[in-house]
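As a plain string of letters, each chain reads:
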Amino acid sequence: MGGAVLSESGAALTDGAAAPNEPVATLTGSAAAWTESATARTESATASRGPSGSLGRLAFGFLAVSVLSGVALVPFYSPARPAESLEALQGGLPWGFVLRALHAYSSFGLLVVTAGHLAQVLIARTERQLTPSSWWRSVLLLPVTVAALLGGFALRGDAEAGAALAVWRGVVGTLPVLGSELARLLVGTIPNDLGAVTLHHAGTFTLLVWLLTSEHGKRLVPDSRSVVLAGLVSVALAGAIPLPLGSSSGTARVLLGPWYLLGLQGALVDLPAAVAWLAPLLFVVALGLVRHTGERWRRFLVALLGAWVVAYAGFTVRILLISRG
Ligand code: HEM
């Protein structure tokens with residue numbers, strides 16, 4: 001309890017009531033009573049904010065906009081004819097291009113705001129507000145969100161999407177023991193059919209992201225302010241930055257994957273395919289362990305995560321330079 005408040009203020013991290021130099025215990029009389037009531041007020045404010053803080057709530061808003069706009073796309077999309085579906089959406093249907101862009105930008109918003117929220121948690125050292133199991137489930141939100149995004153990218157059915165799907169299948173196939181079975185499960189077995197990818201995109205991964213988010217935020221649905229704010233930001237982006245359709249890199253020397261995976265694509269230029277799951281695994285495990293370590297190891301893990309992000313950005317720049325020749 002007191003530990004949560006201490007960590008919120010950036011002081012030494014303590015778990016639950018196990019604070020070694022609990023400030024309340026050192027005070028007496030009316031001062032102690034005042035401190036206790038102030039502590040209770042801070043805790044109740046923290047509880048009403050939830051462990052997520054403001055960015056966490058906004059992330060849930062983006063998820064809701066992404067799901068709603070995704071459902072609105074369903075009548076116009078066929079996994080057997082992805083390219084025609086998107087052409088009709090983009091060119092034939094009034095406001096179809098806005099709907100598509102709304103779905104994409106709200107989904108990107110979900111990833112960006114989730115990453116920002118994670119940085120917020122690490123800087124404010126609030127990870128111990130979650131129980132260990134809840135923390136690990138929350139950490140899983142990152143890879144599951146990326147899997148949902150990648151599924152959406154594959155649904156475009158253009159040259160980049162086809163290449164990304166082949167890489168995705170190849171990388172999953174390098175996982176030990178169950179790799180090839182898992183690749184079949186995720187990507188399907190029928191050539192040029194996106195049925196399995198569509199089901200996992202709109203079903204499995206979306207459901208998982210929603211379940212993990214609602215458990216993390218301790219509410220089944222987001223608050224209306226976050227949904228409205230996320231909706232407005234997504235609509236503004238959809239209007240301002242048109243979402244390209246088809247191969248956007250006709251002059252590029254390589255087909256580029258989705259922007260958030262360019263770092264992995266850059267790494268795979270020289271490194272073996274297994275790096276594409278080993279590197280994210282390292283990130284997720286290091287992040288998960290942050291909740292369990294003392295101050296020295298925490299500093300080491302946070303530095304490791306920082307180095308990972310810098311290397312990822314470097315590989316992103318590298319693949320962009322390669323693509324321009
Ligand atoms: C019930 C839930 C969902 C449904 C029914 C759905 C449906 C769809 C459909 C039909 C497409 C293909 C149309 C297009 O490419 O514009 C698509 C694309 C996409 N989806 Fe979803 N989706 C859902 C949830 C999500 C979630 C939770 C995310 C993100 C975490 C997401 C991210 C994307 C992305 C990034 C694209 C590619 C947009 C593009 O570049 O064209 N979707 N989705």
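It should be noted that the structure appears before, not after, this text.
Residues numbered from 1 in each chain as written. Predicted model: local features only at pLDDT ≥ 70, side-chain atom pairs only at ≥ 80, totals over all residues.

### A few points about the overall build of the chain
Across its full length, the chain carries 14 helices and zero strands. Start at the N end of the chain and walk to the C end: the helices and strands fall as α-α-α-α-α-α-α-α-α-α-α-α-α-α. Within the chain, counting contacts between residues at least 6 apart in sequence, those at least 24 apart form 72% of the total. (Helix = DSSP H or I, 4+ residues; strand = E, 2+ residues; numbered from the N terminus. Contact = placed C-beta atoms within 7 Å.)

### Brief notes about the nonpolar core
Formed by 43 residues in total, the largest nonpolar core has its most connected members in Ala59, Phe62, Leu63, Leu150, Ala154 and Ala164. Among the nonpolar cores identified, the runner-up in size contains five residues, and Ala101, Ala104, Tyr105 and Ala238 belong to it. (Core = buried A, V, L, I, M, F, W, Y, C linked by C-beta atoms within 7 Å. Buried ≥ 20, exposed ≤ 12 C-beta atoms within 10 Å, placed from the backbone.)

### Thoughts on the site of the ligand
Around the ligand, a shell composed of 25 residues is seen, among which Gly70, Ser107, Ala148, Gly152 and Ala202 lie nearest. Those elements giving two or more residues to the shell around the ligand turn out to be helix 4 (53-73), helix 6 (96-124), helix 7 (132-154) and helix 10 (195-217). For the shell around the ligand, the per-class residue count stands at 15 nonpolar, eight polar and two charged. (Near = placed C-beta within 6 Å. Nonpolar A, V, L, I, M, F, W, Y, C, P; charged D, E, K, R; others polar.)

### Let's talk about the environment of valine 309
Turning to its location among the elements, valine 309 is positioned in helix 14 (residues 295-324). On the basis of neighbour counts, which here come to 14 C-beta atoms within 10 Å, the residue valine 309 falls in the partly exposed class. Valine 309 sits 46 residues away from glycine 263 along the chain, and the two C-alpha atoms are 9.3 Å apart.

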